[in-house]
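Architecture and fold: a report
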Amino acid sequence: MTTTGSGTPQPGLTICVYRVNPQTGDRTPLKQYETTPADGPMETVAYPPCTCPRCR
């Protein structure tokens, strides 16, 4: 848990990568990544400009 400016604990994002055994369905954890919450909302919801040769 992390804290924001208000002092209340906020969860970050946890991403787990697993390997699944196809015969038994058992999961074996390979890696785990944890991120912290953003400082604020994004200022735009637009996609970044395309850099492909057709759009340039």
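Note that the structure is predicted; figures quoted are calculated from it, not measured.

Looking now at the environment of C50. When you line up the elements, C50 lands in the segment after β4 (27-34). For C50, a relative accessible area of 45% gives the class partly exposed. With residues near it in sequence (within four places) discarded, C50 still touches C55 and R56.

Two descriptors summarise a pair of aromatic rings, namely the distance from one centre to the other and the angle between the planes of the rings. As enumerated under the stated definition, the model contains zero aromatic pairs in all. Lying across the ring of Y18, R27 places its NZ or CZ 4.3 Å from the centre.

Conventions adopted
- Residues numbered from 1 in each chain as written.
- Predicted model: local features only at pLDDT ≥ 70, side-chain atom pairs only at ≥ 80, totals over all residues.
- Heavy atoms only, no water.
- Helix = DSSP H or I, 4+ residues; strand = E, 2+ residues; numbered from the N terminus.
- Buried < 20%, exposed > 50% of the residue type's maximum accessible area, 1.4 Å probe, protein only.
- Contact = heavy atoms within 4.5 Å.
- Phe/Tyr/Trp six-rings, centres within 6.5 Å; stacked < 30°, edge-to-face > 60°.
- Lys NZ or Arg CZ within 6 Å of the ring centre and 35° of its normal.

Everything listed here is a matter of coordinates, which is why it stays silent on function.
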